[in-house]
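Working through the structure, step by step
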Amino acid sequence: MKKIKFPGRETWPELLKRPVQQTAALEAAVRPVLDGVRAAGDAALLRYTAQFDGVTLNALTYPAEKMEQQLAQVPQALKDAIDLAAANIHKFHAAQVQSPEIIETLPGVSCYRKNVGIENVGLYIPGGTAPLFSTVLMLGIPAQLAGCKNVYICTPPDKDGNIHPALVYAAGCCGIETIFTVGGAQAIAAMAYGTATIPKADKIFGPGNQYVTLAKQLVQQEGVAIDMPAGPSELAVLADDTAVAEFVAADLLSQAEHGPDSQVVLVSDSATLIDAVLREAEEQLVQLPRAAIARQALQHALAIEVKTIAEGMRLLNSYAPEHLILAVRKPEEIAGQVVNAGSVFLGNWSPESVGDYASGTNHTLPTNGYARAYSGVSLDSFVKKITFQQLTPAGLQQLGEAVELMAAAEGLDAHRLAVTKRLRVLKQMNDV
């Protein structure tokens with residue numbers, strides 16, 4: 001990690017700048033895949049699966065009988081862990097369910113808002129080096145609670161055409177019965193455009209590599225809804241001299257092992273703590289199976305010494321990290337100063353890993369600075385909020401003149417007349 005001491009505020013934008021993706025080169029690779037799937041559908045998906053995943057499939061739908069067989073392959077201890085995580089995620093997201101509340105803005109003028117689940121939802125679950133069955137829970141459970149009618153998964157197959165048994169088990173926990181063995185940008189294309197086998201999704205959710213991320217952004221430009229813009233995974237730790245160096249190092253490495261482009265930042269007012277964390281990180285790194293990946297991520301990671309924790313918090317609000325750990329003396333007080341972050345972890349006993357798996361909060365979060373304006377996935381991500389209003393004759397009489405005046409002032413006479421004609425009828429009724 002690169003050590004920076006007391007950076008001036010004017011240097012923060014450059015210091016905290018994320019690596020720029022070579023979008024033009026990526027689009028040159030992704031655009032033909034999108035166009036290929038749109039033109040050839042299932043045939044293109046099977047061809048790309050053979051090309052990119054190295055497996056020739058006869059069909060894209062994962063067989064129900066195979067899923068049933070795989071459930072027996074999941075160790076009971078892992079099932080219990082998944083069940084615990086699912087229960088916590090369900091409990092946290094169920095509390096977000098809102099019943100319509102009728103608001104009478106004027107006597108006889110009633111307004112309310114109703115949550116309606118998005119009907120067709122496609123979930124992308126990465127496979128590759130780390131099959132993220134935890135993401136199935138993070139997306140499938142709120143989709144289920146929201147009342148989404150049709151929810152399915154796209155995930156890449158392994159070299160034998162199979163998917164991870166734990167992913168199958170997690171899907172069952174969410175009531176998801178349909179899994180398609182297709183990954184990468186081609187899976188995003190299938191969900192965006194629809195094929196003979198894979199239905200068109202109204203909204204696409206899920207993380208992925210740079211090709212998947214760009215594919216989501218490109219189909220969004222064509223009017224397909226996605227969960228949020230995203231980039232590589234990120235973790236920032238704000239630490240003072242009460243932080244445990246061993247814990248902080250482990251937290252930094254937990255994010256670095258995601259991929260070579262993962263973003264890791266340590267900010268502290270203690271030079272002693274920074275040095276201790278860097279030593280710990282090196283000692284722990286050599287023990288990791290994914291050490292090579294984590295080491296690549298650490299090559300562009302930062303360890304920043306600031307004069308005060310308050311200054312460090314201002315710096316991190318400027319950075320807007322996906323995950324933020326507050327390993328400080330009074331984390332609850334510092335938490336009140338957080339303005340920009342995806343998910344925050346308070347104190348030495350709240351590792352970021354718990355949010356990734358089982359505390360109950362959602363781990364699908366804004367990255368790449370989007371936490372300045374975007375929230376993480378929640379129940380709201382899976383619903384449309386439809387407003388309703390109903391006026392009685394008395395209500396329209398109270399409100400009508402104001403609407404007539406405003407419509408006339410805007411030069412929209414048909415708007416005015418829609419009210420005027422009703423008021424005229426009401427006057428005639430009252431005169432009888």
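Report on the accompanying structure.

The rules behind each value
Residues numbered from 1 in each chain as written. Predicted model: local features only at pLDDT ≥ 70, side-chain atom pairs only at ≥ 80, totals over all residues. Heavy atoms only, no water. Pairing = 2+ DSSP bridges. Helix = DSSP H or I, 4+ residues; strand = E, 2+ residues; numbered from the N terminus. Axes fitted to C-alpha atoms, helices over the stretch in contact; angles between N-to-C directions. Contact = heavy atoms within 4.5 Å. Salt bridge = Lys/Arg side-chain N within 4 Å of Asp/Glu carboxyl O. Phe/Tyr/Trp six-rings, centres within 6.5 Å; stacked < 30°, edge-to-face > 60°. Buried < 20%, exposed > 50% of the residue type's maximum accessible area, 1.4 Å probe, protein only. Expected span 1.5 Å × (residues − 1). Bend = angle between axes of the 7 residues up to and from the residue.

Some remarks on the sheet that holds strand β13 (residues 343-346)
An order of β1-β11-β10-β9-β12-β13 is seen for the six strands of this open sheet, with the pairing classed as parallel. Each having just a single partner strand, β1 (2-5) and β13 make up the two edges of the open sheet. Averaged over all pairs of adjacent strands, the angle between their axes in this sheet comes to 15°, without regard to strand direction. Across four bridges, the pairing between β1 and strand β11 (residues 302-305) is parallel. Along β11, the bridge assignment pairs I4 with I304. Along the sheet face, helix α11 (residues 271-285) touches β1, β9 (234-239), β10 (263-268) and β11 and points at about 165° away from the line of β11. Along the sheet, helix α13 (residues 309-319) makes contact with β9, β10, β11 and β12 (323-327), crossing β9 at roughly 170°.

Looking at the pattern of salt bridges
Across all of its chains, the model carries 17 salt bridges by this definition. Its salt-bridge partner being D413, residue R416 comes within 2.7 Å of it at the nearest N-O pair. You can see R416 and its partner D413 sitting in helix α17 (residues 413-431), three residues apart, about one turn around the helix. Across the pair D431 and K427 runs a salt bridge whose closest N-O atoms are separated by 3.2 Å. Separated by four residues within a single helix, D431 and K427 lie in helix α17, roughly one turn from each other. The structure contains a network of salt bridges with shared partners spanning E27, R31, D35, R38 and E222.

What to know about the packing of aromatic side chains
We describe a pair of aromatic rings using the distance from one ring centre to the other and the angle between the two ring planes. Inspection of every chain in the model, using the stated rule, returns six aromatic pairs. Ring geometry for Y152 versus F180: centroids 5.4 Å apart, planes at 75°, classification edge-to-face. Of this pair, Y152 sits in strand β5 (residues 150-155) while F180 is found in strand β6 (residues 179-181), placing the two residues 28 residues apart along the sequence. What makes Y152 buried here is its relative accessible area of 3%.

Some points on the sheet that holds β6
Taken in spatial order, the five strands of this open sheet run β6-β5-β4-β7-β8, and their pairing is parallel. Strand pairing shows two members of the sheet lacking a second neighbour, β6 and β8 (225-226), which therefore form its edges. Bridge analysis of strand β4 (residues 120-124) against strand β7 (residues 203-205) gives three bridges, and the strand direction is parallel. From the neighbouring strand, G122 faces β7, where its bridge partner is I204. Lying over the sheet, helix α8 (residues 184-193) contacts β4, β5 and β7, oriented at roughly 175° with respect to β4.

Topic: helix α2 (residues 23-40)
For α2, with 18 residues, the first-to-last C-alpha span of 25 Å sits near the 26 Å given by 1.5 Å per residue. Of all bends in α2, the biggest is about 30°, found at A29, and the proline P32 comes one to four residues later. L26, V30, V33, L34, G36 and V37 are the residues of α2 that are buried. Buried residues belonging to α2 abut α3 (42-53), α8 and α9 (210-221).

Things to note about the environment of Y357
Counting through the fold element by element, Y357 comes out in helix α15 (residues 352-357). For Y357, a relative accessible area of 48% gives the class partly exposed. For the pair Y357 and S134, spaced 223 residues apart in the sequence, the C-alpha separation amounts to 6.0 Å. Contact partners of Y357, with chain neighbours within four places excluded, come to A85, I89, S134 and M138.

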